[in-house]
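# Observations on the three-dimensional arrangement
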Amino acid sequence: MQLQNNIRTSDGWDIIENSFNPDQLVTTGSNFMIGNGYLGYRGTFEEWGAQEYVACVVTDTWDQAKDSRWSELCNVPNGLFTELIVDGEKLSAFDGKTSDYFRSLNLKHGLNHRKMNWTSPKGAQVTIDVEKFASHDNHHLLVMRYHLTAISSGTYLVKTGIDGEVWSINGEHFKSYTQVEKDNLIGLQLHTYEMNTEVCVVEGISVSGKQPIQIDFKKDNKNYLRELQFDLEEGDEVILEKVVSITHSNEIEKPLDLAFSEVGEALSQGYKKLKGEHQKYWDDFWEKSDIKIEGNIEAQVLARFNIYQAYIATPTHDNLPIGARGLSCQVYQGAAFWDQETFNLPMYVYTQPEIAKKLVAYRHDTLQGAKRKAKSLGYYGAFYAWTSGKTGDELFPDFFFTDVLTGRPIRNHFNCWQIHVSPDVVYGIWLYYEATSDWGFMLEQGAEVIFEVAQFLVSRVHFKKDKNRYEIIRLLGPDEYHENVDNNAYTNYLTQYSLKKASEVFQKMQKENLDTLAVLLNKVGISNEAVETWNEIADLIYIPEADATTHLIEQFDGYFKLEDIKPDELRKRLIDPGEYWGWPNGIAVNTQVLKQADVVQLMAMLEGFSQEELTANYEYYEPRTEHGSSLSPSVHALGASKANHAKEAYRYFMESATIDLYNASKKVLSGGSFLGGIHTAAAGGVWLIIVKGFAGFGVLEDGIRFDPKLPKAWDGLSFRLEIKQCKLQIMLDTNSLTISRTDTKEHDLKVYLKGKPEVLKSGHSISTPTI
């Protein structure tokens, strides 16, 4: 089926590029990438280099580049580099003539495939067929099979090895490059500028088919390459199998030794076996997390593409964050934002709880960084970083955007006023606990985080004696266009939510785990009376309630008094299209125009709002939202679904699902900053839209609920869930919704279908009409 943006799919499990488009190198490099959560390798051509945005970004390598203020993940040398020269002419998609062009990404097994016939400017002809993957069996490995067939006889030179000239957005990260070899394997041993992290890239090859008549090793500046020369006749074939191991000292004590060992062992196994073991992991993932859509292959491939991208961005091997651009590039430093808890985590909570546990455990691992941040700003407790790496210390600089009109840096306050990040962390922990009943995690890690966040909130609120209430001033909500506001609705609601959860955990521990509670309170320096303060603030904090007549919740104090203008009209005031719309003097600051709607976000996350409130707030805030954030379409899809605006819900689903694949965002620059790469939160948001929006899934204190709203463009929908120690198969079509339990647990599960409770026992199913 033909899709948009020069893409088609054969069966809903792949994306295929129709023809090579040199104007979309940034986009296709991201969309066709492979990865395994440890490394992300952009979907670029084997002969390309830094100028074509080749990148292999590796997690847990945060380092500050030379002469840079940024701490970011390192893009390491390219161990899959392979350049083919036929009779002195370099194979290139930019020169000569290309026919039978094929580039695909197999979403089912994470395989990048490229095939083409190439005719050189002088008439030499060759066919190449290349497949590669980032191993899920051994997360250090990249594996490639490069098959060339001579159509013309001649001299063929293959330059293959490690290209050390990397594309690094903010400067050089490596102060030393040492070329090493062992047992016919070659490598680069590098050390970073700031942390002196040792990073090793080791490569090995095997050659079958026609054998080279000469092999030379070339050490050139930062590169270490082999040159294999072949005299080929028409029809001769050469097959290179390449294995690359990428290791670093933040994970491994002797990374170079391990890299050499892994490459040697992998070469002995061969490409076929390595691929087979890799595919087993993907089969297990899709068994639990696939979403099957009937009657609409475009929606099907979009769903799987986004789930794929969300998964390969997730470090399943360790307690590390999901970056806002994953491992597709260095944008946003490979760091966790609040998106991790609100957009990425839910899919894992309800389908892969063992992965979810690593993500919430990451927040415990970085608790000390959050405490350091709070202390540095004059507070106590845990104030989580807006952008968080390995330690949890704030990675985001005070100055990010540039005023394109004056050339001066803009001081934003994402890292000091956006305090909702800490309550968002509590939201994520509770999401995991509520779904899994993992009280052991709560005792060992979760409670400490929740208590420390509660303490931070105690130190951050202000008591208004004249109004007998607590308020929170000088805030920045998810809507980043409006800084320095008071009583942001999203922040205040989530603050109350967090304090209530802290009190609930405290009281449960007091009843069931008193000794553990005493040890924890002593460890963090919190008194037994702290819970009384949490309860008091939760009771007295100002919660902007819905107006009795309009049902609207004001986003922050004074919002309704700002100029009421729509985004398209406001856009006409821009002097330069690259202007930042927000603080301190952007065109949106003194208007009701939002980057993303905080109240809609709030209602997408929390239960308890009436249908009148859901509908009224969506209808008010939606036309005033500029959608300057990639998070916004998925939130509005959820909001529209809850507001019973089916057409708008589907339109926003398509916007969210196509941000990357169709290059729908087209925003690679904002305020002078490069913002390309995969939008991992939007990818996670697609799962949320389908499961929570279209299937109407929600979690209640005493069970779960479904209020399905199947899109008219679909014939059916099915997926799996793990919730409250039950395994469920959900099947929704135009006539009915069926929930089946596939586990053998003895306890019952209460399921609310369109508001009516039913009891679901293991091995049984329940259904309800959807008409």
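Shown above is the structure to which this text applies.
About the cut-offs
Residues numbered from 1 in each chain as written. Predicted model: local features only at pLDDT ≥ 70, side-chain atom pairs only at ≥ 80, totals over all residues. Heavy atoms only, no water. Phe/Tyr/Trp six-rings, centres within 6.5 Å; stacked < 30°, edge-to-face > 60°. Helix = DSSP H or I, 4+ residues; strand = E, 2+ residues; numbered from the N terminus. Buried < 20%, exposed > 50% of the residue type's maximum accessible area, 1.4 Å probe, protein only. Lys NZ or Arg CZ within 6 Å of the ring centre and 35° of its normal. Polar contact = N/O pair within 3.5 Å; in protein donor to acceptor, adjacent residues only side chain to side chain. Contact = heavy atoms within 4.5 Å. Patch = residues over 30% accessible without salt bridge, like charges linked within 9 Å, V, L, I, M, F, W, Y side chains within 5 Å. Areas by Shrake-Rupley, 256 points an atom, 1.4 Å probe, with all protein chains shown as cover. Salt bridge = Lys/Arg side-chain N within 4 Å of Asp/Glu carboxyl O. Expected span 1.5 Å × (residues − 1). Axes fitted to C-alpha atoms, helices over the stretch in contact; angles between N-to-C directions. Parallel < 35°, antiparallel > 145°, perpendicular 65-115°, else oblique. Nonpolar A, V, L, I, M, F, W, Y, C, P; charged D, E, K, R; others polar. Pairing = 2+ DSSP bridges. Core = buried A, V, L, I, M, F, W, Y, C linked by side-chain atoms within 4.5 Å.

Our focus in this paragraph is the packing of aromatic side chains. Overall, the coordinates contain 55 aromatic pairs when judged by the stated rule. Taken together, a centroid distance of 5.5 Å and an interplanar angle of 35° make the contact between Tyr-650 and Phe-653 tilted. Linking Tyr-650 with Phe-653, this pair stays in helix H18 (residues 646–658), spanning 3 residues, or about one helical turn. There is no split in this pair, since Tyr-650 and Phe-653 are both buried. In this arrangement the basic side chain of Arg-103 is found over the ring face of Phe-32, its NZ or CZ atom lying 4.8 Å from the centre. Over the aromatic face of Phe-45 sits the side chain of Arg-114, whose NZ or CZ is 3.9 Å from the ring centroid.

Our next topic: the side chain of Ser-92. Within the secondary structure, Ser-92 is located in the loop between strand S8 (89–90) and strand S9 (97–106). Residue classification places Ser-92 among the buried residues on the basis of a relative accessible area of 13%. Of note is the side chain of Ser-92, whose polar atom sits 3.0 Å from the backbone nitrogen of Phe-94. When sequence neighbours within four positions are dropped, the list of residues in contact with Ser-92 reads Glu-47 and Trp-118.

Judged by side-chain polarity, Val-404, Leu-405 and Ile-575 come together as a nonpolar surface patch covering roughly 280 Å² of accessible area. As for its position among the elements, Ile-575 is in the loop between helix H14 (567–571) and helix H15 (598–605).

This next bit is on helix H6 (residues 353–365). With 13 residues, H6 extends 18 Å from end C-alpha to end C-alpha; this agrees with the ideal 18 Å at 1.5 Å per step. Looking at H6, one finds that the buried residues are Pro-353, Ile-355, Ala-356, Leu-359, Val-360, Ala-361, Tyr-362, Arg-363 and His-364. Where H6 is buried, its residues touch helix H4 (297–312), helix H5 (339–351), helix H7 (367–376), helix H9 (421–436), helix H10 (439–460) and strand S29 (716–723).

Where H5 contacts H9, the axes come no closer than 10 Å and their chain directions differ by 10°. Overall, the two elements H5 and H9 adopt an arrangement that is roughly parallel. Contacts between H5 and H9 involve Glu-341, Thr-342, Leu-345, Pro-346, Val-349 and Tyr-350 from the first element and Asp-424, Val-425, Tyr-427, Gly-428, Leu-431, Tyr-432 and Ala-435 from the second. Here the contact of H5 with H9 is composed, by residue class, of 9 nonpolar, 2 polar and 2 charged.

Another point: the side chain of Glu-72. Among the structural elements, Glu-72 can be located in strand S6 (residues 71–75). Side-chain polar atoms of Glu-72 contact the side chain of Asn-170, separated by 2.8 Å. Polar contacts involving the side chain of Glu-72 include one to the side chain of His-173, which spans 2.7 Å. If we ignore the near neighbours within four places in the chain, the residues touching Glu-72 are Thr-61, Trp-62, Asp-63, Ser-168, Asn-170, His-173, Gln-330 and Gln-333.

Counted residue by residue, strand S11 (residues 125–134) has 8 buried out of 10 residues, so it is predominantly covered. Note that strand S10 (residues 111–119) and S11 share 8 bridges and pair antiparallel. From the neighbouring strand, Arg-114 faces S11, where its bridge partner is Val-130. Connecting S10 to the antiparallel partner S11 that follows it, the hairpin turn spans 5 residues, and Gly-123 within it adopts a positive phi of roughly 105°. Once S11 ends, the chain turns through 6 residues before running back antiparallel as strand S12 (residues 141–150).

Let's shift gears to the sheet that holds strand S17 (residues 214–220). On the basis of which strands lie adjacent, the open sheet formed by 5 strands has the order S8-S7-S13-S18-S17 and antiparallel pairing. The open sheet has two edge strands, S8 and S17, and neither has a second partner. In the sheet, strand S13 (residues 154–163) pairs with strand S18 (residues 223–232) via 9 bridges, with the strands oriented antiparallel. For Thr-155, the partnering residue across the bridge sits in S18 and is Asp-231.

The strand order across the open sheet formed by 4 strands is S3-S4-S5-S6, and the pairing between neighbours is antiparallel. For this open sheet the edge positions go to strand S3 (34–35) and S6, each flanked by a neighbour on one side alone. Bridge analysis of S3 against strand S4 (residues 39–41) gives 2 bridges, and the strand direction is antiparallel. Along S4, the bridge assignment pairs Ile-34 with Tyr-41.

Core analysis: the largest hydrophobic core is formed by 241 residues, its most contacted members being Phe-451, Trp-534 and Phe-653. Element by element, the count of residues in this core is highest for H10, at 12 residues. Setting aside its immediate chain neighbours within four residues, Trp-534 contacts Phe-451, Ala-454, Gln-455, Val-458, Leu-499, Ala-502, Ser-503, Phe-506 and Ile-526. If you look at the next biggest cluster of nonpolar residues, it comprises 16 residues, including Val-143, Val-263, Ala-266 and Tyr-271.

Of note, His-139 is situated in the loop between S11 and S12. Looking at His-139, the relative accessible area reads 21%, which means it is partly exposed. Remark: the alpha-carbon pair of His-139 and Asp-257, spanning 118 residues in sequence, is separated by 16 Å. Side chain to side chain, His-139 and Glu-251 meet in a polar contact 2.9 Å long.

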